[in-house]
Amino acid sequence: MDLAGSPRPALTARAAGLIGCERCGKVAPMGQAACGRCGSPLNSRRPGSLQAVWAWLIAGIIVYIPANIYPMLYTNTLTSRHSGTIVGGIIDLIEYGSYFVAIVVFVASVLIPIGKFVVIGYLAFAVRARAVPARRRRAMHRMYEIVEFIGRWSMIDVFVVAILSALVQLGSVASIRPGIAAACFALSVAMTMLAARAFDPRLIWDLEPADG
Amino acid sequence: MTQTAPYRRADEVPLQLPLDDLIACPVCDALHNLKDVPEGHSARCHRCHRTLIAPKTDAYTRIVVLAATAVILMVAALFFPFLELNAGGFSNRSSIFDAALAVSGGWLTPLAIAVAALIILIPLTRFLALIYALWPLVVGRRPWPRARGAFRLADVLKPWAMAEIFIVGVAVALVKIVELASVSLGPAFWAFAALVLVSALKDNFMCRQSIWISLDRRGPR
């Protein structure tokens, strides 16, 4: 039984004079500060949600720039010295013929971060501008869920750097050191995860006329 | 399609009901009157489709057993060699700790701490918190003091536990290194891979909503 798509608008906790807990779903009378079941702070709508989203998002975009300019790792072997950026690492993988792994790294380190910037920015912009046609609401909600779920997978490249620099310590034969971009990239991923989590998804649904 | 339990339309919720029978969808705020959803069934939000509750048979026993298994595997993964590298007569063994701490030194120390937290500390904390919160429920006792706090901690930390992402990172690193040297996988690698599987299986049995309701019904904080 699935009543989605029913024409009648839903009764929200807020419209009923209640606050729903975002962590455990329990409802409390409006004005209560903490959930009686799980102890989480209660907010009918999180105050300053969109400001927090913009702050984390902009910070995440800013640190993503040095993450791409500076080297992720320095490789020294007997015959060569090499420093690799994110994109450089992907190109190396393509040259080795490891296309599948190249795609994995490209998706995790380039596609997902940039996609997240765009989607989170769009959601925050659309909600503030109230530019959400009713038929797009479910699509927006889906985007929010995907961004929230997928963002953490960008960390792959940071772990690759950590493993390589732990393992490849063979003195003069070969050694790998991490570069500053690894820290910038990890920060960028963490900040965009926080941006996605700062977004209050109830704002998407508040735009339904009945909730006014 | 998921089998969903019957529930009333949200706009027919009789508001004189005690608040305990109402659930607000955590994602879209729609109210639902959800009394008892039988095990093996699930209920989804009629507005945004988020699964509200999906209780599973024997879930708490399975979660506790799987979390305990994961703790043991994590300890094993920490103390056995993870990967071993051979090149040109040189060899280097690395444990998970080494991987976490390799980036330390100067500027990159905070990154080392973050990596150690994401792959060791946070997953371990979650497993222990889940065991603490759910063990009394398994044996039919009242929850231990601060069981709800422990379960909340496990829930808050969930997105930051990145053991499964680390394993993918290891796979990518192995491909990158093949040109340079030969690598052999140590016992800790297999322990960690098993931990990832066990942890995913455990999440499959987790229904946060049912756990909150059980913790609420069985006793005080």
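Residues numbered from 1 in each chain as written. Chains lettered and ligands numbered in written order. Predicted model: local features only at pLDDT ≥ 70, side-chain atom pairs only at ≥ 80, totals over all residues. Heavy atoms only, no water.

**Some words on the overall build of chain B**
Summing up its helical and strand segments, chain B has 7 helices and 7 strands in all. For chain B, the N- to C-terminal ordering of α and β elements is β-β-β-β-α-β-β-α-α-α-α-β-α-α. Looking at the 221 residues of chain B, the share that counts as buried comes to 54%. Within chain B, residue pairs in contact and separated by at least 24 positions form 63% of the contacts whose partners lie at least 6 positions apart. (Helix = DSSP H or I, 4+ residues; strand = E, 2+ residues; numbered from the N terminus. Buried < 20%, exposed > 50% of the residue type's maximum accessible area, 1.4 Å probe, protein only. Contact = heavy atoms within 4.5 Å.)

**Considering the interface of chain A and chain B**
Often the size quoted for an interface is simply the accessible area lost on bringing the parts together. With 76 residues of chain A at the interface, the matching set in chain B holds 74 residues. Taking both sides of the interface into account, the surface hidden between chain A and chain B amounts to around 6700 Å²; carbon and sulfur atoms contribute 67%. For the pair chain A and chain B, the interface holds 5 salt bridges. For the pair chain A and chain B, the number of links is 20 residue pairs in polar contact (both at pLDDT 80 or more). Of the residues contributing to the side of chain A that touches chain B, the split by class is 47 nonpolar, 14 polar and 15 charged. (Buried area = accessible area lost by both parts, 1.4 Å probe. Salt bridge = Lys/Arg side-chain N within 4 Å of Asp/Glu carboxyl O. Polar contact = N/O pair within 3.5 Å; in protein donor to acceptor, adjacent residues only side chain to side chain. Nonpolar A, V, L, I, M, F, W, Y, C, P; charged D, E, K, R; others polar.)

**Focus: the confidence of the model for chain A**
Of the residues in chain A, 93% have a pLDDT of 70 or more, and the chain-wide mean is 87. When the criterion is pLDDT under 50, residues 1-7 of chain A qualifies, and its contacts beyond four places in sequence or with other chains add up to 15 contacts. (pLDDT = per-residue confidence, 0-100.)

**Comments concerning the confidence of the model for chain B**
Residue and element names in this part refer to chain B. A residue-level look at chain B finds 90% of positions with pLDDT of 70 or above and a mean pLDDT of 85. Counting interchain partners and residues more than four positions distant, the pLDDT-below-50 stretch residues 1-12 has 36 contacts. If you check the scores for this complex, the pTM reads 0.87 and the ipTM reads 0.87.

**Remarks on the sheet that holds strand β6 (residues 90-94) of chain B**
Residue and element names in this part refer to chain B. Spatially, the 3 strands line up as an open sheet ordered β6-β5-β7, and their pairing is antiparallel. If you trace the sheet from one side to the other, it starts and ends with β6 and β7 (182-185), each paired once. Each strand of the sheet is rotated relative to its neighbour by a mean of 20 degrees, with strand direction disregarded. The pairing of strand β5 (residues 83-87) with β7 spans 4 bridges and is classified as antiparallel. Along β7, the bridge assignment pairs Asn86 with Ser182. (Pairing = 2+ DSSP bridges. Axes fitted to C-alpha atoms, helices over the stretch in contact; angles between N-to-C directions.)

**Description of a nonpolar patch on the surface**
All names here are of chain A. Nonpolar side chains collect at one region of the surface, where Ile103, Phe106, Val107 and Leu111 lie side by side and expose about 340 Å² of accessible area between them. Within the secondary structure, Leu111 is located in helix α3 (residues 99-129). For Leu111, a relative accessible area of 48% corresponds to the partly exposed category. (Patch = residues over 30% accessible without salt bridge, like charges linked within 9 Å, V, L, I, M, F, W, Y side chains within 5 Å. Areas by Shrake-Rupley, 256 points an atom, 1.4 Å probe, with all protein chains shown as cover.)

**A few points about the environment of Pro18(B)**
Here Pro18(B) lies in the segment before β1 (22-24). For the pair formed by Pro18(B) and His49(B), sequence separation is 31 residues and the distance between their alpha carbons is 25 Å.

**Thoughts on empty space enclosed by the protein**
Here the structure, examined in full by the defined rule, presents 3 cavities of 30 Å³ or more. A volume near 50 Å³ is recorded for the largest cavity. Taken together, Lys116(A), Val147(A), Glu148(A), Gly151(A), Arg152(A), Met193(A), Ala196(A), Arg197(A) and Pro159(B) make up the full set of residues lining the largest cavity. For the lining of the largest cavity, the secondary-structure elements that each account for two or more residues are α4 (137-150) and α6 (180-198) of chain A. Sort the elements by how many residues they give to the lining of the largest cavity and α6(A) lands first, with 3 residues. Tallied by class, residues from the lining of the largest cavity come to 4 nonpolar, 1 polar and 4 charged. (1 Å grid on protein atoms, 1.4 Å probe; cavity = no way out; pocket = protein on both sides within 12 Å on 5 of 7 lines; lining within 4 Å. Points joined across faces, edges and corners; volume = space filled by probe spheres on them.)

**Here we look at unusual backbone geometry**
All names here are of chain B. Even without being glycine, Asp29 reaches a positive phi, approximately 75 degrees. For Asp29, the location among the structural elements is in the loop between β1 and β2 (31-33). Even without being a glycine, Asp58 presents a positive backbone phi close to 55 degrees. Relative to the helices and strands, Asp58 is located in the loop between β4 (51-53) and α1 (59-79).

**So, the packing of aromatic side chains**
Applying the stated criterion across every chain, the model contains 11 aromatic pairs over all chains. Residues Phe159(A) and Phe166(B) carry aromatic rings whose centres are separated by 5.6 Å and whose planes lie at 85 degrees to one another, so their mutual orientation is edge-to-face. Of the two residues, Phe159(A) sits in helix α5 (residues 156-167) while Phe166(B) sits in helix α5 (residues 163-177), which places them in two different chains. Pair check on accessibility: Phe159(A) and Phe166(B) agree, each one buried. Pairing Tyr132(B) with Trp144(B) gives two aromatic rings, centres 5.3 Å apart and planes at 45 degrees, and the pair type is tilted. Residue Tyr132(B) is found in helix α3 (residues 109-138), and its partner Trp144(B) is found in the loop between α3 and α4 (147-157); the two are separated by 12 residues along the sequence. Judged by relative accessible area, which is 36%, Trp144(B) ranks as partly exposed. Linked through ring pairs, Phe159(A), Phe82(B), Phe166(B), Phe189(B), Trp190(B) and Phe192(B) together constitute an aromatic cluster. (Phe/Tyr/Trp six-rings, centres within 6.5 Å; stacked < 30°, edge-to-face > 60°.)

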